[in-house]
Amino acid sequence: MDQATPTTGKTERIRRMFDGIADRYDFANKLMTLGIDRLWRRRTARWVASHSPHKILDVAVGTADLSMELTRQCPALEQITGVDISEGMLQKGREKIAQKAPQANIQLEQANCEALPYKEESFDAVVSSFGVRNFEHLAQGLEEMCRVTRPGGVIAILELSVPRNPILRCGYTLWTHTFIPLVGSLFAHNRGAYNYLPRSVRQVPQYEAFTKMLLEAGYGKAEYKAFSGGIATLYYAIK
Ligand code: SAM
């Protein structure tokens, strides 16, 4: 990040929070989404695969689930680089790759996504799942993602969202304000982190507001597709 960029300390708080829940992150995730997150990642990877990328950057890679799905779906793939601020999450990711996809060429590196340590136009595709709502400076993070995407390359961002349908929204609110914090305290031993989750979803720009940010970051023709009634949304664009 630019030395002059003011910080509220959010990035450091987020890093510590994910370091603290890394061991139980995958299990809590599956429980909270009843396993549907896997389907959402699969559909995201399918869209990326349709552009036949050779080099992919997975931003806020966490424990590397999306990266591993991409290695299954992208036949022309040569290398995936995953970056994350939390060494705890990266360590879990490395263990999973060694167990489940030892042949895959996935390199995990610690970096702040708001100041990516890569040259301009280095990747055919830049992806992120459930990461960008945690950025301290979202616009700067998206500009960085665009900077390292080659012209004609693609971006795919999978993020949680608030359903637009009022009935679904009621169910969603109940779920996120009761069940998710309960799972957080029982299984991840960190209620705070899982109280933060619904709050962060409400705060991140959604649907048209998010695609507008992609255009402002330098991508063209940004679109979105809501999954499961809008509990998650895939935002995608071409540079
Ligand atoms: N992509 C993974 C997935 O699909 O499960 C992990 C998502 S997890 C909810 C969010 C991740 O974003 C965490 O691993 C966190 O450390 C990472 N993160 C948040 N802010 C970041 C930043 N500024 N730079 C790099 N990683 C960041």
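Residues numbered from 1 in each chain as written. Predicted model: local features only at pLDDT ≥ 70, side-chain atom pairs only at ≥ 80, totals over all residues. Heavy atoms only, no water.

Going by what an unreviewed UniProt entry lists, the protein chain is known as Demethylmenaquinone methyltransferase and is assigned to Porphyromonas endodontalis. Database annotation for the protein chain, UniProt heading Catalytic activity (unreviewed entry): "a 2-demethylmenaquinol + S-adenosyl-L-methionine = a menaquinol + S-adenosyl-L-homocysteine + H(+)". According to UniProt, the comment filed for the protein chain under the heading Function (unreviewed entry) is "Methyltransferase required for the conversion of demethylmenaquinol (DMKH2) to menaquinol (MKH2)." (UniProt positions renumbered as here; feature names shortened; annotations may be inferred.)

Put simply, helix 1 (residues 10-33) and helix 2 (residues 36-49) touch, their axes get as near as 7 Å, and they point 95° apart. Between helix 1 and helix 2, the interaxial angle falls into the category roughly perpendicular. Contacts between helix 1 and helix 2 involve Asn29, Lys30 and Thr33 on the former and, on the latter, Ile36, Asp37, Trp40 and Arg41. By residue class, the composition of the contact of helix 1 with helix 2 is two nonpolar, two polar and three charged. (Axes fitted to C-alpha atoms, helices over the stretch in contact; angles between N-to-C directions. Helix = DSSP H or I, 4+ residues; strand = E, 2+ residues; numbered from the N terminus. Parallel < 35°, antiparallel > 145°, perpendicular 65-115°, else oblique. Contact = heavy atoms within 4.5 Å. Nonpolar A, V, L, I, M, F, W, Y, C, P; charged D, E, K, R; others polar.)

Moving on, we come to a positive patch on the surface. On the surface, Arg38, Arg42, Arg43, Arg46, Lys100 and Lys225 cluster together to form a positively charged patch. Top contributing element to the positive patch by residue count: helix 2, with four residues. Here Arg38 shows up in helix 2. For Arg38, a relative accessible area of 47% corresponds to the partly exposed category. (Patch = residues over 30% accessible without salt bridge, like charges linked within 9 Å, V, L, I, M, F, W, Y side chains within 5 Å. Areas by Shrake-Rupley, 256 points an atom, 1.4 Å probe, with all protein chains shown as cover. Salt bridge = Lys/Arg side-chain N within 4 Å of Asp/Glu carboxyl O. Lys, Arg positive; Asp, Glu negative; His and termini not counted. Charge placed at Lys NZ, Arg CZ, Asp CG, Glu CD. Buried < 20%, exposed > 50% of the residue type's maximum accessible area, 1.4 Å probe, protein only.)

If you check the shell around the ligand, you find 18 residues, and the closest are Tyr25, Ala60, Asp84, Cys113 and Ser129. Contact between the ligand and Cys113: a nitrogen atom at 2.9 Å from a main-chain N or O atom of the residue. Contact between the ligand and Ser129: an oxygen atom at 2.5 Å from a side-chain N or O atom of the residue. A total of 590 Å² of accessible area belongs to the ligand in isolation, and the protein chains cover 98% of it. Ranked by the residues each element gives to the shell around the ligand, the list is headed by helix 1, at three residues. Class assignment of the residues belonging to the shell around the ligand gives a composition of 11 nonpolar, five polar and two charged. (Near = heavy atom within 4 Å. Polar contact = N/O pair within 3.5 Å; in protein donor to acceptor, adjacent residues only side chain to side chain.)

Our next topic: the packing of aromatic side chains. If you walk through the whole model with that rule in mind, you get seven aromatic pairs. Considering the side-chain rings of Tyr224 and Tyr235, the 6.2 Å spacing of their centres and the 50° angle between planes classify their relative orientation as tilted. A residue pair is termed long-range when its members are at least 10 positions apart, and Tyr224 in strand 6 (residues 220-227) and Tyr235 in strand 7 (residues 232-238) qualify at 11 residues. A relative accessible area of 2% means that Tyr235 is categorised as buried. Clustering of aromatic rings is evident, with ring pairs tying together Tyr207, Phe210, Tyr224 and Tyr235. (Phe/Tyr/Trp six-rings, centres within 6.5 Å; stacked < 30°, edge-to-face > 60°.)

Residues given the UniProt feature "binding site: S-adenosyl-L-methionine" (unreviewed entry) here are Thr63, Asp84, Asn112, Cys113 and Ser129. Structurally, the position occupied by Asn112 is in the loop between strand 3 (106-110) and strand 4 (123-129). A distance of 3.0 Å separates a polar side-chain atom of Asn112 from the backbone nitrogen of Glu114. Relative to the elements of secondary structure, Ser129 occurs in strand 4. Here Ser129 falls in the buried class, since its relative accessible area comes to 11%. Aside from chain neighbours lying at most four places away, what touches Ser129 is Arg41, Val59, Ala60, Leu66 and Leu158.

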